[in-house]
Every structure is written in C-alpha cells, then in structure tokens.
Amino acid sequence: MGKSQDQDVARAAEQAAQHSYSRLVAYLSSRTGDLAAAEDALADAFQRALQTWRRSGVPDNPEAWLLVVARNRLIDGGRKFTVQKNAEPTIRLIQEEAEMEKNQDQAFPDDRLKLLFVCAHPAIDVAIRTPLMLQTVLGVQADRIASAFLVSPPTMGQRLVRAKNKIRGAKISFEVPCRDQLKVRLQAVLETIYAAYGTGWNDLTGCASQGQDLTEEALWLARLVIDLLPDQPEARGLLALMLYCESRQAARRSTDNTYIPLSEQNISLWSEPMIIEAEQLLAAALRESGIGPFQLEASIQSAHCMRLATGRNNWCDIIQIYDRLAQLAPTAGVLIGRAAALGEGEGPQQGLTALQNIDLKSIRNYQPFWAVKADILAKSGQLREADQAYQKAIDLSEDKAICAYLQLKRQHAYGS
Amino acid sequence: MNYMMMIFESDDAMESRNGGPNTEAYWASWGAYHSALTEAGVITGGNALQGKQTATTLRITDGKRQVQDGPYADSKEQLGGYMVFDCPDLDTALDWAAKCPAAEYGAVEVRPVHKSE
C-alpha cells in the first residue's frame, strides 16, 4: 500500500475527528452517563479506523463507522459488568443500535447541548468546568489544557478524572434544563466558555501559540451554542464580546512584545471583519428580550469601537452601560471597569469615589484595582499615593510586559 | 438510584424543635415536606437525629477504644437528620433537596448511596 494512501487514511480519520468528535462523545456519553468510557471507546475506534481503513479503504460515512465501532466496544464493556452492575445503559445502547439499523439514512442525534450542560453543571467544581468542556467537547489533549491552566499534566488529569467520576457516580443527568432553569444554567455554560477565552488571553502574554489556540476553541464553542440554541441573546452577546476582544489582538502588543493599552492602540490594526460580525451579533441579541451581562459587556466593547468612526471614546455611553452592568453583575472586574470609566469620563474624584465604594474583600489583592487606582491618583496629582499604588500593581502583575508598562507610567507620573 | 440527604442545621434550628416561638412553624414545614415526599413516592427512609450534645465518637487506636464526647466534626451547623430518596438522577434529587426546609436555613448534602457490586 502506497504512502499517499496512508496519508489519505490518516487525513480522513483526522477530518472525522475534527468534524464529529464532539457529536460522537455526546451521543455515547449521554446514553451511558459515562464520559470516560465514551472517550476511551472513541479513542479505540479511531485507532481501529487507521488500521482497517488502510486495508479496506475509507468508508462512505466515516462518522457512522466510528460510531458503530465505539458503540460495540461500549456494549461489550457493558456486558462484562452486566451481571454485577446496573445494565440499563447498555440495554439502551443495544436498543438504539437496532433502531438506527432500521433507519440507516438518518444521521444520529446531536446531543452536544446536553454535554455542554453537564460540563457546566452546578454540581461540578467551577474550576474544572472549562478544562472538562475543552477535553470532552473539543478533544483537546489533557497536557495542553494543563499548560494553559498552569498546573502539571498529572494534576490536571486527576482533576478531570475526578469530575468524570462525579458525573457517573452521582448520575448527573444528560438533559437540557427545563425552561425555568435554562437561563441560569446557560449562563454557567457561557461563563465556562468565556473562561476558556480568558485563559487563552492571559496565556498570550507568555507563550503566544498555546493561548491563541484556546481563544479559537472558545469562539468555536460559542458558535456551537448559538447553533444549538439560536434564540438565546446572551449566547450571541458572548460571541460578540469575544470577537470585539479578538479584533484588537494585533494591536495589543508591539512587535517587541510591549504592552499597549486600549487607549493607545493603533486602531488601524483592529480587525474590521471581526468588529462587523460582533456588531451584527450584538444588534441581533439586543433586538430580543433578555438583556444579560455578556450583552452589556459586548455593548461596552462596541462603544469603545466607536473610536474607529469618531477617533475618540464616548465615555458617557460607556458609563451608562457600566451602571446597568454593575446592577446586574457586580463582579470585581465590572466595578473596577466602571470606576476607570468614571475616572476618564467624569473626572478623577468620581473614579476614586467609585473605587473606594467597592465593598469586596478580594479586591486588595486584585491587580486591576491597583492599576486603575494608580492611574486615577496620578491624574489627580496625588503622586505619592499614585506611586504606592503603582508599586502594588507591579507586585501583583505576573506578566513582565505589564510590569514594564506600569513602571513606565510610574516614571511618567513623576516626570510630569 | 438512591441518594442520601444529609441535613445540616444550626444550633438555633435544632433548639426550636423542642419548644419556643418557632416550634410550630418548624414542624409544620417539615410535615409538609415529608407529605410531599411520601406522596411522590420519593422517600425510602430517614430520621431526625437528636442534638450533637448527645453524640459520642469512637475510633480504635492501637487496638484500644478511644471514645470521645461530641460529634465527629464540630462545625457551626450539625447533622440534624438524614433521608434516603429514590430518584432517577442527581438533578431530580437536587430538585427535591431544594424543597427541603433546611435548605433555607442550613444546608443539605446530597450523596449517591454506594451500590454493593
């Protein structure tokens, strides 16, 4: 057998993996409640595909081939335990196998939404939801996830195993939540996706390629949610928000990796197609009822983009949106963003007052708090206090480029 | 699948079982909850427990009994009772736990019961 045919087989398997991995995992796990077993069965099926397809060629429907092999493996695995364990999931798989043989033309059902809701289930630790979603829905390798989340691969592996054991052991249901819980549960799914994006972003500062990958995964996941739940404005809001941030990716750092804040970015480097898509998504979301934090965050980004048209920021609008956001979701990030906007739009004193009014314990060790405080203090001429705040912000920064930037601002404050 | 509800209550709540201004409301809420559970055929067993001051904790160290006055874990809220539910999945068990009176003033830990294989 020729080398090129081997390559064809490998490519076909890779394409099938890319296109249908999440659907296959979702289909199998939602029937057995066992994510780890579904992943193992699929890994085995892909392995078998590489061998078998090399001999007998790539089948017409690689996806269906993989499903049958993985399902048979699960059923075989289930039979071994049937005597001792509850055989219900296995029986369900066998029944569905018979069903599907009758209707061979039909594609198998898309259960990915159920899988997304399981990964972001309230009974699953918040810290593991994003890694779990990346691994099970996207098939991202555990060691890559580990490096993005700054833990060792064995530690990440253990945490993922623990989460999957909880899903199986406690029998978390693979169901789309009912209407009255959908909004709250969807918010958790969206926050999980946004956390993947945030991880990619933060990581960008260190080693660019890895972080960049995760931001793309997050965008893909958001698009998937919109496909599966087209009538949810917050999902559109999230994708819009991430696209606005992504559109400025080329402008955030200079070629020598110097940090460039939003206010000093070269707007000609912003990606116009991404901004246009974000604007369309946001407009569509706002037309529907059900405003939420992601739509408001996206609206703030949209207001920042007005600089493209007018050359300057519209702080009045930005402050108004922050006020609504602060009522709806008063997180540390939102309250600090609001204070910064007030400092720019209404004056340093208003900004400082807003900062002082933030009543959150965690704020004392939160870098953005000190960075914003330092800026506002410097602007109001309180140089000694500004200097101390800059020092605190620098101490709390993990990113060298940010440290260098803050150091520069600190010197500027003294120079003026 | 069977799930155990471990019901954690504050000392005040435990006190109000045995007389006081809140006693009637306390037992009324539990009575209503229990009726709803029975009617739905969810509950398969359970009991309220006496207060933590009646608890004794024992462990064997080097073959010797170590007996201690008090509960295993002395926390602000104490294990006030337990129930076992038969539910199809965790989500259903959590829905029932959310209706438990103690969910409002204490906490409910939900755990699947180990199946012997």
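Predicted model only: the values in this text are computed from it and were never measured.

Q: Would you mind showing me how to read the overall build of chain B here?
A: On a plain count of helices and strands, chain B comes out with 4 helices and 6 strands. In chain B, the order of α-helices and β-strands from amino to carboxyl end is β-α-α-β-β-β-β-α-α-β. In terms of its C-alpha atoms, chain B occupies a principal-axis envelope of roughly 50 × 50 × 20 Å. Sorting the 117 residues of chain B into buried and exposed places 30% on the buried side.

Q: Which parts of the structure should I look at to understand the overall build of chain A?
A: Of the regular secondary structure elements, chain A holds 19 helices and 0 strands. In chain A, which comprises 416 residues, the proportion classed as buried is 47%. Sequence-distant contacts, at least 24 apart, represent 65% of the contacts inside chain A between residues at least 6 apart. On chain A, roughly 20,900 Å² of surface is accessible, and the fraction owed to carbon and sulfur atoms is 50%.

Q: Please clarify how the interface of chain B and chain A should be interpreted in this entry.
A: Accessible area lost upon the coming together of the parts serves often as the stated size of an interface. Each partner contributes residues to the interface: chain B has 11 residues there, and chain A has 11 residues. Summed over the shared surface of chain B and chain A, the result is 0 salt bridges. If you look at where chain B meets chain A, you find 5 residue pairs in polar contact (both at pLDDT 80 or more). When residues of the side of chain B that touches chain A are assigned to their parent elements, the largest contribution, 4 residues, is made by helix 3 (residues 90-98) of chain B. Here the side of chain B that touches chain A is composed, by residue class, of 6 nonpolar, no polar and 5 charged.

Q: What is the right way to look at helix 13 (residues 293-310) of chain A in this model?
A: Structurally, the α-helix is built with 3.6 residues per turn, so residues lying three or four positions apart point the same way. Over its 18 residues, helix 13 of chain A runs 26 Å from end to end, which matches the ideal 26 Å to within 8%, given 1.5 Å per residue. A:Phe294, A:Gln295, A:Leu296, A:Ala298, A:Ser299, A:Ile300, A:Gln301, A:Ser302, A:Ala303, A:His304, A:Cys305 and A:Arg307 are the residues of helix 13 of chain A that are buried.

Q: What should I look at first to understand the pairing of strand 4 (residues 64-69) of chain B in this one?
A: The two faces of the sheet receive side chains in turn, since in a regular strand these alternate between them. Residue and element names in this part refer to chain B. The buried fraction of strand 4 is low, at 0 of 6 residues. Across 6 bridges, strand 3 (residues 56-61) lies against strand 4 in antiparallel orientation. Within strand 4, the residue paired with Thr 61 across the bridge is Lys 64. Linking two consecutive strands that pair antiparallel, namely strand 3 and strand 4, is a turn of 2 residues; a positive phi of about 50° is found at Asp 62 within it.

Q: Explain the state of the cysteines here, please?
A: A disulfide bridge is the covalent bond that connects two cysteines by way of their sulfur atoms. A complete count under the given rule lists 0 disulfides over all chains for this structure. Left without a disulfide partner, A:Cys305 is nearest to the cysteine sulfur of A:Cys245, which lies 9.3 Å away.

Q: Just checking my understanding: could you explain unusual backbone geometry for this structure?
A: Negative phi characterises most residues that are not glycine, and trans characterises most peptide bonds. Within the chain, A:Lys171 stands out as a residue other than glycine whose phi angle is a positive 60°. Of the residues examined, A:Lys171 reaches a relative accessible area of 31% and is grouped as partly exposed.

Q: What's the story with the sheet that holds strand 2 (residues 43-48) of chain B in this structure? I'm lost.
A: Paired through their backbone hydrogen bonds, the strands of a sheet run either parallel or antiparallel. Residue and element names in this part refer to chain B. Pairing is antiparallel in the open sheet, where 4 strands are placed in the order 2-5-1-6. The open sheet is flanked by strand 2 and strand 6 (107-112), the only strands paired with a single partner. The mean inter-strand angle of the sheet, taken between neighbouring strand axes irrespective of direction, is 20°. With 5 bridges joining them, strand 2 and strand 5 (residues 77-86) adopt antiparallel strand pairing. Within the sheet, the bridge partner assigned to Gly 45 lies in strand 5 and is Val 84.

Q: Sorry if this is basic, but what is going on with the nonpolar core here?
A: Generally speaking, soluble globular proteins have nonpolar side chains that are buried together. In terms of nonpolar packing, the biggest core is built from 103 residues, with A:Leu116, A:Met133, A:Val189, A:Ile193 and B:Phe85 touching the most fellow members. Looking at this core element by element, the count peaks at 10 residues for helix 1 (residues 3-32) of chain A. Apart from residues lying up to four places away in sequence, A:Val189 is in contact with A:Leu116, A:Phe117, A:Ala120, A:Met133 and A:Val225. In terms of nonpolar packing, the next biggest core, distinct from the first, is built from 38 residues, A:Ile363, A:Val372, A:Ala386 and A:Ile402 among them.

Q: Even after reading the chapter, I still don't get the pattern of salt bridges, so can you show me in this structure?
A: When the charged atoms of two side chains lie near each other, side chains of opposite charge can form a pair. All names here are of chain A. Under the criterion given, the structure shown has 19 salt bridges over all chains. Between Asp 111 and Lys 114 there is a salt bridge, with its nearest N and O atoms 3.3 Å apart. Residue class for Asp 111 comes out buried when judged on its relative accessible area of 5%. Look at Lys 114 and you get partly exposed, because its relative accessible area is 22%. A salt bridge links Asp 399 to Arg 253; the nearest nitrogen and oxygen atoms lie 2.9 Å apart. Taken together, the residues Asp 399 in the loop between helix 18 (383-396) and helix 19 (400-415) and Arg 253 in the loop between helix 11 (233-247) and helix 12 (272-287) connect sequence positions 146 residues apart. On the accessibility criterion, Arg 253 (19% relative accessible area) is buried. The network of salt bridges with shared partners includes Arg 31, Asp 111 and Lys 114.

Q: Help me understand helix 5 (residues 112-119) of chain A, please; the structure alone is not making it clear to me.
A: Here helix 5 of chain A lies mainly inside the structure; 7 of its 8 residues are buried. Along helix 5 of chain A, the positions that sit buried rather than exposed are A:Arg112, A:Leu113, A:Leu115, A:Leu116, A:Phe117, A:Val118 and A:Cys119.

Q: Just to check I follow, could you spell out the packing of aromatic side chains for this structure?
A: For any pair of aromatic rings, the description rests on two quantities: the centre-to-centre distance and the angle between the ring planes. Using the criterion set out here, one finds 9 aromatic pairs over all chains in the structure. Between A:Trp53 and A:Trp65, the ring centres sit 5.3 Å apart and the planes meet at 70°, which makes this aromatic pair edge-to-face. Linking A:Trp53 in helix 2 (residues 35-56) with A:Trp65 in helix 3 (residues 62-82), this pair joins segments that are 12 residues apart in sequence. Among the residues examined, A:Trp53 registers a relative accessible area of 1% and is labelled buried. Relative accessible area serves as the criterion here: at 22%, A:Trp65 is assigned to the partly exposed category. Plain terms: the ring middles of B:Trp30 and B:Tyr33 are 6.0 Å apart, the flat faces sit at 70° to each other, and that makes the pair edge-to-face. Placement of both B:Trp30 and B:Tyr33 in helix 2 (residues 23-40) is noted, with a separation of 3 residues, approximately one turn of the helix. Among the residues examined, B:Trp30 registers a relative accessible area of 14% and is labelled buried. Cation over ring: B:Lys99 sits above B:Trp96, and NZ or CZ is 4.7 Å from the ring centre.

Q: When you look at the pairing of strand 1 (residues 2-10) of chain B in this model, what are you seeing that I'm missing?
A: Here strand 1 of chain B runs beside strand 5 of chain B; their pairing, made up of 9 bridges, is antiparallel. Looking at strand 5 of chain B, one finds that B:Ser10 is bridged to B:Glu77.

Definitions and cut-offs
- Residues numbered from 1 in each chain as written.
- Chains lettered and ligands numbered in written order.
- Predicted model: local features only at pLDDT ≥ 70, side-chain atom pairs only at ≥ 80, totals over all residues.
- Heavy atoms only, no water.
- Helix = DSSP H or I, 4+ residues; strand = E, 2+ residues; numbered from the N terminus.
- Buried < 20%, exposed > 50% of the residue type's maximum accessible area, 1.4 Å probe, protein only.
- Contact = heavy atoms within 4.5 Å.
- Areas by Shrake-Rupley, 256 points an atom, 1.4 Å probe, with all protein chains shown as cover.
- Salt bridge = Lys/Arg side-chain N within 4 Å of Asp/Glu carboxyl O.
- Polar contact = N/O pair within 3.5 Å; in protein donor to acceptor, adjacent residues only side chain to side chain.
- Nonpolar A, V, L, I, M, F, W, Y, C, P; charged D, E, K, R; others polar.
- Expected span 1.5 Å × (residues − 1).
- Pairing = 2+ DSSP bridges.
- Disulfide = S-S within 2.5 Å.
- Axes fitted to C-alpha atoms, helices over the stretch in contact; angles between N-to-C directions.
- Core = buried A, V, L, I, M, F, W, Y, C linked by side-chain atoms within 4.5 Å.
- Phe/Tyr/Trp six-rings, centres within 6.5 Å; stacked < 30°, edge-to-face > 60°.
- Lys NZ or Arg CZ within 6 Å of the ring centre and 35° of its normal.

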